[in-house]
Amino acid sequence: MADRSASVSWEVYVAPPELMPGGDLAPGETERSWSPISATLISGERDAVLVDALLTVGQADDLANWVTAHGMNLTAVYITHGHGDHWFGLGSLLDRFPNVRAFALPAVIEQMRRGSTPEFFESFWRPRFDGKLPSELVFPEPLEDRTIELEGHELIAVELGHTDTDQTSALHVPDVGLVVAGDAAYNDVHLYLAESDPQGRRDWIAALDTIESLHPETVIAGHQRAGRHDGPEIIEETRRYIRDFDRIAATTSTARDLYHQVIALHPDRINPDALWISAQAVKPSPSDGQ
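Bear in mind that the values here come from a model prediction, so they are computed numbers and not experimental data.

(A) Layout of a negative patch on the surface. On the surface, Asp166, Glu195, Asp197 and Asp203 cluster together into a patch of negative charge. With respect to the element layout, Asp197 can be found in the loop between β13 (186–187) and α5 (198–213).

(B) Fine view of the pairing of strand β11 (residues 168–173). With six of six residues buried, β11 lies mostly within the body of the structure. Residues Thr168, Ala170 and His172 of β11 are buried on one face, and the alternating residues Ser169, Leu171 and Val173, pointing to the opposite face, are buried as well. Here strand β10 (residues 153–161) runs beside β11; their pairing, made up of five bridges, is antiparallel. Bridge pairing links Gly161 to Thr168 in β11. As consecutive antiparallel partners, β10 and β11 are separated by six residues, and within that stretch Gln167 has a phi angle of approximately 55°, a positive value. With three bridges connecting them, β11 and strand β12 (residues 178–180) associate as antiparallel partners. Considered in β12, the bridge of His172 is made with Val179. The loop that links β11 with its antiparallel partner β12 comprises four residues; one of these, Gly177, has a positive phi angle of about 65°.

(C) Fine view of the nonpolar core. One finds Ile42, Leu50, Leu63, Leu74 and Tyr78 to be the most contacted residues of the largest nonpolar core, which totals 55 residues. In this view, Leu63 contacts Tyr13, Ala39, Leu50, Asp52, Ala53, Leu54 and Leu93; residues no more than four positions away in its chain are not counted. Counting residues in each nonpolar core, the second largest holds 33 residues, with Ala26, Leu208, Ile235 and Ile248 among its members.

(D) Molecular detail of the side chain of Ser278. Within the secondary structure layout, Ser278 lies in helix α8 (residues 272–282). Polar contacts involving the side chain of Ser278 include one to the main-chain amide nitrogen of Leu193, which spans 2.7 Å. Apart from residues lying up to four places away in sequence, Ser278 is in contact with Leu191, Tyr192, Leu193, Ala194 and Phe245.

(E) Region of interest: the sheet that holds strand β8 (residues 141–142). Strand order in the open sheet made by the six strands is β1-β4-β5-β6-β7-β8, with mixed pairing throughout. Among the strands making up the open sheet, the edge pair consists of β1 (9–15) and β8. In the packing of helix α1 (residues 57–69) onto the sheet, contacts are made with β1, β4 (37–43), β5 (47–51) and β6 (73–78), and the angle to β1 comes to roughly 155°. Contacts from helix α3 (residues 106–114) reach β7 (101–104) and β8 within the one sheet, and its direction differs from that of β7 by about 95°.

(F) Inspection of the packing of α5 against helix α6 (residues 233–249) at higher detail. Taken N-terminus to C-terminus, the directions of α5 and α6 make an angle of 165°; their axes are 10 Å apart at the nearest point. Judged on the interaxial angle alone, α6 and α5 are roughly antiparallel. Relative to α6, α5 is oriented so that their crossing is left-handed. Seen from α5, the contacting residues are Pro198, Arg201, Trp204, Ile205, Leu208, Asp209, Ile211 and Glu212; seen from α6, they are Ile235, Thr238, Arg239, Ile242, Arg243, Phe245, Asp246 and Ala249. A per-class count over the contact of α5 with α6 returns nine nonpolar, one polar and six charged.

Cut-offs used in this document
The written sequence of each chain sets the order in which its residues are numbered from 1. Only residues with pLDDT of 70 or above have their local features reported here, since the model is predicted, and side-chain atom pairs are shown and tallied only from 80 upward, although totals for entire chains, interfaces and linings are computed over all residues. Water and hydrogen atoms were dropped before computing side-chain values, which therefore reflect all heavy atoms in the structure. Like-charged residues within 9 Å of one another, or nonpolar side chains (Val, Leu, Ile, Met, Phe, Trp, Tyr) within 5 Å, are grouped into patches, provided each residue has over 30% relative accessible area and no salt bridge. Computed with a 1.4 Å probe, the accessible areas rest on the Shrake-Rupley method; for each residue, only the protein chains presented here act as cover. Throughout this description, the term salt bridge denotes a Lys or Arg side-chain nitrogen within 4 Å of a carboxyl oxygen of Asp or Glu. Note on charges: Lys and Arg go in the positive column, Asp and Glu in the negative column, and His and the chain ends are not counted at all. Note on charges: their place is set at NZ of Lys, CZ of Arg, CG of Asp or CD of Glu. A helix here means a DSSP run of H or I that spans at least four residues, while a strand means a run of E at least two residues long, and both kinds are numbered starting from the N terminus. Buried residues are those whose accessible area, probed at 1.4 Å on protein chains only, stays under 20% of the maximum for their type, while exposed residues exceed 50% and partly exposed ones sit between those limits. DSSP calls a pair of strands paired once it identifies at least 2 bridges connecting them. Residues grouped as a nonpolar core are buried Ala, Val, Leu, Ile, Met, Phe, Trp, Tyr and Cys residues, joined through side-chain atoms within 4.5 Å. What makes two residues a contact is simply this: any of their non-hydrogen atoms within 4.5 Å. As used in this structure description, the phrase polar contact means that two N or O atoms lie within 3.5 Å; if the pair is within protein, one of them must be able to donate a hydrogen and the other to accept it, and residues adjacent in sequence are counted only when both atoms belong to side chains. With axes taken as lines fitted to C-alpha atoms, and helix axes fitted only over the stretch in contact, angles between N-to-C directions fall between 0 and 180 degrees. By the definition adopted for this analysis, an angle is roughly parallel if under 35 degrees, roughly antiparallel if over 145, roughly perpendicular if from 65 to 115, and oblique otherwise. Note: crossing handedness is left-handed where the near helix turns anticlockwise from the far helix by less than a right angle, and right-handed where it turns clockwise. The nonpolar class holds Ala, Val, Leu, Ile, Met, Phe, Trp, Tyr, Cys and Pro. Asp, Glu, Lys and Arg form the charged class, and all remaining residues, Gly among them, are polar.

So this is what it looks like as structure tokens:
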């Protein structure tokens, strides 16, 4: 019998942290940045599928150059979830690859639209990335049957529900034990928990359980330290961080206390700004400014 897995490979592109204008800096920090974002190219013998499209026009252009350098025929782009940092670059990619179709689950598209209304785009995204964002957003098509075919291999969209936002998904390639997890998993980067109340944190852990039940050999996180191993161990690492945050949130009264106690347990993860935003969302208190 032929080894079907031998004809599928993947590589991960990690866009470096994107600096943002100064503002409410995390304690002890001197600058603000957006977490590094990953995109994954899943390749067969000739064709390839890209997972996620990054944030800025510059990031998308660099990603397109990286894809082109692989010499594959890009057939599809899959978007894992509705946060703009994983899909605002889609229009730039489709300009470079006009024959490519872009897909996401219907619930993900609904979340994309909720998170990119003109009001929210102007109030949240533009102040942080003014001059770097596309002038027009392009949405993917709904992936109704939850499957993308790559040279006879099934790439299966897995609904995960709430992770770092609502209505998220992962892409599973059973033939090679690969899960591209989107933001359900973080790899050595502080988690964004600002949209996760206690129930949301429980739901996120359940989503990690769903990924674990697929018995993956490789798990690719949506936010990761470049060069770190994409192993299944990041499932438990992410789960442990959520549980630590949840436990500390229940026993602290200010964002600053929550922030410092989580930092003490996870001192080496990058981009503490994400933790500071999360802590302030969970503990909005006047005393945090002291």
